Amino acid sequence: MRALARDGGGALGASEQAQLDARTRNTGRRYHTFAARLYNPWAMRAAKYLPDVLRILEERGDPAYRLEQAYLALTRSLIRDWEEATNLPRGLRAALSEGAPAASLELRRVSRATDGTRKYLFLTRDGHAIETVMIPERGRHTVCISTQVGCPMACKFCATGLLGIKRNLKAREISEQVFVVARDIAPERVSNVVVMGMGEPFLNYEQTLVALKVLNDPDGFNLAARHIAASTSGLVDKIRRFADEPEQFHLAISLHNPFEEERREIMPVAARHSIPELMSAARYYVEKTHRKLFFEYTLLAGVNDQERHVEALAELLDHPLYHLNLLRFNWTDTGFSATSKRDAKAFLRYARENGLSATLRPSRGEDIDAACGQLAAKDLRGRPAVPLPS
Ligand code: SAH
Ligand code: SF4
């Protein structure tokens, strides 16, 4: 087993490793401080990702490489129980099972749609329900993951937005959704991950990014960054920060209306950041990354689906790397209704005639309420994960 050092520092010899391990034990220094000085960013990530495992290793005075073994058992071997990690000593497995269980989510139900889409209902250890969706499409298997229990952004058309927010998910809970799906669909492989489930990922930026980096880690789950995309309702500071991340993750911005006042009516976040501010962050993103930037646009009948909207979009989305992703509203009990298929196609045609790069995304998994905006994670008795405000 390699030592904690992977890049930068070069691998340590066995005796060096033993010395460092001894030093950690003797000084009782916390591993991440130790790792930060002596190892590399990878070790710090493992420490951030598995704080409970780290604490147990520290308490027991185990050598630092056990952290890597535990990390790889979870992210590469996808174990759900420490007893499966047979390269760890029996005593350590028992201590971890007791204090830092391998599974942070309990899978409670899998629903299957007629189009092959699967929806997973999980319970967190503190009893919150969250949902994850797997969408099979032309040989690809895309997993749509949640980053929060509920969402505080309160977009008017979104079932998750109706719930309000209970708490942010931990990096471990975010990435574990993908690992459970990967086990479920084996021998098929997860080909794409989209952060488009419950929650606003950029309100939980740190933990979301740790989770995405873990999914991307070539020594762990090893999913290419270009096969991972996050979607935000438009938090401009975080869009800039995301652009500065070294990995080539993709980004989508939920726009839904090119007019300031009208956007505010359906997305309260628009009151916080104006469209020019949003577009300035978008420009920063494409100029910094040279990657395509997707603008999500849910067509709501009579609200944002007229010709004037296309014309304003054509003015606004004025960079060759901008792409307009149209989708039809999926039913939620919010008073909105979907633009007809015919009108959605006409909207798409008119957008292209106006020079926009645009596509109309088909909706998936509607018969199990698994489509975009429909995730409300009702628990097994049919109650919502977060009590609705009275
Ligand atoms: N919170 C993030 C990501 C999750 S939602 C965001 O808002 O960007 C994924 C996409 O589905 C977003 O573009 C969101 O606006 C859209 N959406 C929400 N409710 C919807 C609904 N009922 N029908 C269709 N799309 C919806
Ligand atoms: Fe939250 Fe996204 Fe739903 Fe808006 S659309 S309420 S940001 S999950």
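The structure presented is a predicted model; accordingly, all values stated were derived computationally and were not measured.

Participant: Is there a simple way to explain the site of ligand 2 in this structure?
Facilitator: Close to ligand 2 lie Cys151, Met153, Ala154, Cys155, Cys158, Thr160, Gly161, Gly199, Glu200, Ser233, Ser254 and Gly373, which account for all nearby residues. The residue inventory of the shell around ligand 2, partitioned by class, reads 5 nonpolar, 6 polar and 1 charged.

Participant: How should I be thinking about helix H13 (residues 307–316) in this particular structure?
Facilitator: Counting along an α-helix, one turn takes 3.6 residues, and residues three or four places apart therefore face a common direction. Among all positions in H13, only His309, Val310, Leu313 and Leu316 are buried. The buried side chains of H13 occupy one side of the element, clustering within an arc of 125 degrees when seen end-on. Structural note: H13 exposes Glu307, Arg308 and Glu315 on the side pointing more than 90 degrees away from its buried face. Those residues of H13 that are buried are in contact with helix H12 (275–289), strand S11 (322–328) and helix H14 (341–353).

Participant: Looking at this structure, how should I read the site of ligand 1?
Facilitator: Taken together, 17 residues sit near ligand 1, with Cys158, Ser254, Glu296, Cys372 and Gly373 positioned nearest. Those elements that provide at least two residues to the shell around ligand 1 are strand S8 (228–232) and strand S10 (293–299).

Participant: Is there a simple way to explain unusual backbone geometry in this structure?
Facilitator: Peptide bonds are, in most cases, trans, and in most cases residues other than glycine have a negative phi. Following Ala186, the chain continues to Pro187 via a peptide bond in cis, the omega torsion being 10 degrees. One can find Pro187 in the loop between helix H8 (171–185) and strand S7 (192–195). Even without glycine at this site, His256 takes up a positive phi of about 65 degrees. Along the chain, His256 falls in the loop between strand S9 (250–254) and helix H11 (260–266). Assessed through the 24 C-beta atoms surrounding it within 10 Å, His256 is described here as buried.

Definitions and limits used
- The residue numbering used here restarts from 1 in each chain and proceeds along that chain's sequence as written.
- Written order decides the labels, with chains lettered from A and ligands numbered from 1.
- Reporting of local features is limited, given that this is a predicted model, to residues whose pLDDT is at least 70; pairs of side-chain atoms are given and counted only at 80 or more, and all residues count toward the totals for whole chains, interfaces and linings.
- Here, nearness means that the C-beta atom of a residue, built from backbone geometry, sits within 6 Å of the molecule or strand in question.
- Residues are grouped as follows: Ala, Val, Leu, Ile, Met, Phe, Trp, Tyr, Cys and Pro are nonpolar; Asp, Glu, Lys and Arg are charged; every other residue, Gly included, is polar.
- Working definition of burial: number of other C-beta atoms within 10 Å of the residue's own, with buried at 20 or more, exposed at 12 or fewer, and partly exposed in between, all C-beta atoms being placed from the backbone.
- Put simply, DSSP marks the helices as runs of H or I at least four residues long and the strands as runs of E at least two long, and each gets a number from the N terminus on.
- In this context, the arc is that of the directions from the helix axis out to the C-beta atoms.
- Here the contact rule is simple: place C-beta atoms from the backbone, and any two residues whose C-beta atoms are within 7 Å are in contact.

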